[in-house]
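Commentary on secondary and tertiary structure
What follows is the residue order along each chain.
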Amino acid sequence: MADDEEDEGPAVELGEGEPVEGAPLARVASRLTWGAKKSAIVDREGETTIRTPDGPQEVGDVLDEVDVPYFETRQEFTDEVRAVIGTGPVPTAED
């Protein structure tokens, strides 16, 4: 049965356009240990570029707009970041 699954190909077809700049927020959050101070996150991931609906942004710039000094959980971190960057489709190409 595993051989049949391998022949099916990827579950999601990937486009052939330009790659989207930046990392998904979830990937950045998964590299951190929780609870975490905002300053420690900025030190470690502040220059990392993440994908946002308004285009790529650095984590440190986004966290400058967050008032929470300490994130107890990954969910709290992602919720606060999404409150700043918003949710929605990430642009894939300049028109």
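Residues numbered from 1 in each chain as written. Predicted model: local features only at pLDDT ≥ 70, side-chain atom pairs only at ≥ 80, totals over all residues. Heavy atoms only, no water.

**Notes on the overall build of the protein**
What counts, and what does not: Comment: elements are numbered from the N terminus, with helices defined as DSSP H or I runs of at least four residues and strands as E runs of at least two. Accessibility here uses a 1.4 Å probe with only protein chains present; expressed as a share of the type maximum, an area under 20% marks a residue as buried, one over 50% as exposed, and anything in between as partly exposed. With residues, only the protein chains shown are counted as cover, and all accessible areas are computed by Shrake-Rupley using a 1.4 Å probe.
Each helix and strand counted, the protein has five helices and four strands in total. Across the protein, helices and strands are ordered from the amino to the carboxyl terminus as α-α-β-α-β-β-α-β-α. Within the protein, buried positions represent 26% of all 95 residues. Carbon together with sulfur atoms contributes 45% to the accessible area of the protein, which is approximately 6900 Å² in total.

**Brief notes about the packing of aromatic side chains**
This is how it is decided: Between the rings of Phe, Tyr and Trp (Trp by its six-membered ring), a pair exists once the centres lie within 6.5 Å; its type follows the angle of the planes, with under 30 degrees stacked, over 60 edge-to-face, and the other angles tilted.
Considering all chains together, one arrives at two aromatic pairs under this definition. A ring pair is formed by Trp34 and Phe77, whose centres lie 5.3 Å apart and whose planes are at 35°; its orientation type is tilted. Here Trp34 is found in the loop between α2 (25–30) and β1 (36–37), whereas its partner Phe77 is found in helix α5 (residues 74–85), with 43 residues between them in sequence. Residues Phe71 and Phe77 carry aromatic rings whose centres are separated by 5.4 Å and whose planes lie at 85° to one another, so their mutual orientation is edge-to-face. Classification of Phe77 by relative accessible area gives buried; the value is 0%. Within the aromatic cluster, the residues linked to one another by ring pairs are Trp34, Phe71 and Phe77.

**Brief notes about the environment of Thr33**
By the element assignment, Thr33 lies in the loop between α2 and β1. For the pair Thr33 and Arg74, spaced 41 residues apart in sequence, the C-alpha to C-alpha distance is 8.2 Å.

**Looking at α5**
Selection criterion: Helix span, expected: 1.5 Å multiplied by one less than the number of residues in the helix. The directions considered for the arc run from the helix axis to the C-beta atoms. We call two residues contacting when some pair of their heavy atoms lies within 4.5 Å.
The end-to-end C-alpha distance of α5, which contains 12 residues, comes to 16 Å, matching closely the 16 Å that a straight helix rising 1.5 Å per residue would cover. Listing the buried residues of α5 in full gives Phe77, Thr78, Val81 and Ile85. Down the axis of α5, the sector holding all buried residues measures 90°, keeping them to one side. Close packing links the buried residues of α5 with α2, α3 (38–45), β2 (49–50), β3 (57–58), α4 (59–63) and β4 (70–71). One or two steps after α5, the chain reaches Gly86, where phi turns positive at roughly 85°.

**Digging into the side chain of Lys38**
Short version of the rule: Think of it this way: Lys and Arg go in the positive column, Asp and Glu in the negative one, and His and the chain ends go nowhere. Should a side-chain nitrogen of Lys or Arg be within 4 Å of a carboxyl oxygen of Asp or Glu, the pair is scored as a salt bridge.
Turning to its location among the elements, Lys38 is positioned in helix α3. Nearest to the buried, unbridged Lys38 among oppositely charged side chains is Asp67, at 5.9 Å. Apart from residues no more than four positions distant in its own chain, Lys38 is found in contact with Leu63, Val66, Val68, Pro69, Tyr70 and Phe71.

**As for unusual backbone geometry**
For the bond running from Trp34 to Gly35, omega is -5°, close enough to zero to count as cis. Within the secondary structure, Gly35 is located in the loop between α2 and β1.

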